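This is what each chain is made of:
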Amino acid sequence: MLKCSSSNISGAVFGTAHGTFSSSVVQGITDITQAYPVTYNAASASNLNISITDDPTDGHSRLTFAVPGFYQISFTGQAQNANANVQDINLWIRYNGTNAAGTDTRYTVNSKHGTVNGNLCVRSIYVVKVLAAGDYIQYIISGSSTDLSLSPNVAGTSPVSPTGFSVSLAAYIIAPL
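First, a word on scope: everything that follows refers to the structure included in this document. (Residues numbered from 1 in each chain as written. Predicted model: local features only at pLDDT ≥ 70, side-chain atom pairs only at ≥ 80, totals over all residues. Heavy atoms only, no water.)

Some details on the nonpolar core
Ranked by size, the top nonpolar core spans 32 residues in total, and within it Leu 63, Tyr 71, Ile 73, Tyr 139 and Leu 169 carry the most contacts. For Ile 73, the residues in contact, after removing those within four places along its chain, are Leu 63, Phe 65, Ser 124, Ile 125, Tyr 126, Val 128, Ile 137, Tyr 139, Leu 169, Ala 170 and Ala 171. (Core = buried A, V, L, I, M, F, W, Y, C linked by side-chain atoms within 4.5 Å. Buried < 20%, exposed > 50% of the residue type's maximum accessible area, 1.4 Å probe, protein only. Contact = heavy atoms within 4.5 Å.)

This is the structure in structure tokens:
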């Protein structure tokens, strides 16, 4: 049965599985021939049946699902470019260790202007079918320059503004299997 509430306007079975995760650290591209799993260093205390687990081979973050179903996953990253030229950053999903066809998106990040790095908000929303309890996904990035990163915003002073995460992710079940 689908349920709606003010915090869940899409009609998901929100109480079954949900989670929010973020990172406050810079996640850089150190080699343009490599792909890098996005990592998370914070999770909401109210997460239910969705967790971040470490990949045993490389220690990177996996978004792991305890309840099979269809999930909506929203990802936001703050891409930064310290290069004088525009650069491209790619973002895609890896599902149970395999790159998921049709999920790669390329974003062009503005060039550095003066002393200010180019910035772009990278966003994606996917609906993912999780086939079994224990399935996992990873968001993966690659880029055209080692001057690219997913970087947190620093606090502003004039006007005063808060810090921002380098990445944030929200996932919730929309239909159980």
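From this point, the discussion proceeds with the structure in view.
Notes on the pairing of strand β5 (residues 50–54)
The pairing of β5 with strand β6 (residues 61–65) spans 5 bridges and is antiparallel. Residue pairing across strands places Thr 53 opposite Arg 62, the latter belonging to β6. Joining the antiparallel neighbours β5 and β6 is a turn of 6 residues, in which Gly 59 adopts a positive phi near 75°. (Pairing = 2+ DSSP bridges. Helix = DSSP H or I, 4+ residues; strand = E, 2+ residues; numbered from the N terminus.)

A few points about the side chain of Asp 55
Mapped onto the elements of the fold, Asp 55 is located in the loop between β5 and β6. A polar atom in the side chain of Asp 55 sits 2.6 Å from the side chain of Thr 57. Beyond its immediate sequence surroundings of up to four residues, Asp 55 is in contact with His 60, Arg 62 and Gln 138. (Polar contact = N/O pair within 3.5 Å; in protein donor to acceptor, adjacent residues only side chain to side chain.)

A few points about the environment of Lys 129
Residue placement: Lys 129 occurs in strand β11 (residues 118–130). Once the C-alpha coordinates of Lys 129 and Ala 100 are considered, the two residues, 29 residues apart in sequence, prove to be 12 Å apart. Leave out the neighbours within four places in its chain, and Lys 129 touches Gly 69, Phe 70, Tyr 95 and Leu 177.

Here we look at a nonpolar patch on the surface
A cluster of nonpolar side chains, namely Phe 70, Val 127, Leu 131 and Leu 177, defines an oily patch on the protein surface of about 380 Å² accessible area. Mapping Leu 131 onto the fold places it in the loop between β11 and β12 (136–143). Leu 131 gets classed as exposed once you look at its relative accessible area, which sits at 55%. (Patch = residues over 30% accessible without salt bridge, like charges linked within 9 Å, V, L, I, M, F, W, Y side chains within 5 Å. Areas by Shrake-Rupley, 256 points an atom, 1.4 Å probe, with all protein chains shown as cover. Salt bridge = Lys/Arg side-chain N within 4 Å of Asp/Glu carboxyl O.)

Thoughts on the side chain of Arg 94
Within the secondary structure layout, Arg 94 lies in strand β8 (residues 87–95). A residue is classified by how much of its surface remains accessible, and Arg 94, at 19% relative accessible area, is buried. At 3.0 Å, the side chain of Arg 94 forms a polar contact with the side chain of Asn 99. Setting aside chain neighbours within four positions, we find Arg 94 in contact with Ala 35, Asn 99, Ala 100, Tyr 136, Ile 137, Gln 138 and Ile 140.

Digging into the packing of aromatic side chains
Tallied over the full model, the rule gives 4 aromatic pairs. The interplanar angle of 55° and the centroid separation of 4.4 Å between the aromatic rings of Phe 65 and Tyr 71 together place this pair among those described as tilted. Of the two residues, Phe 65 and Tyr 71, both sit in the buried class. Ring pairing ties together the aromatic residues Phe 75, Tyr 126 and Tyr 139, which thus form one cluster. Cation over ring: Arg 62 sits above Tyr 136, and NZ or CZ is 3.8 Å from the ring centre. (Phe/Tyr/Trp six-rings, centres within 6.5 Å; stacked < 30°, edge-to-face > 60°. Lys NZ or Arg CZ within 6 Å of the ring centre and 35° of its normal.)

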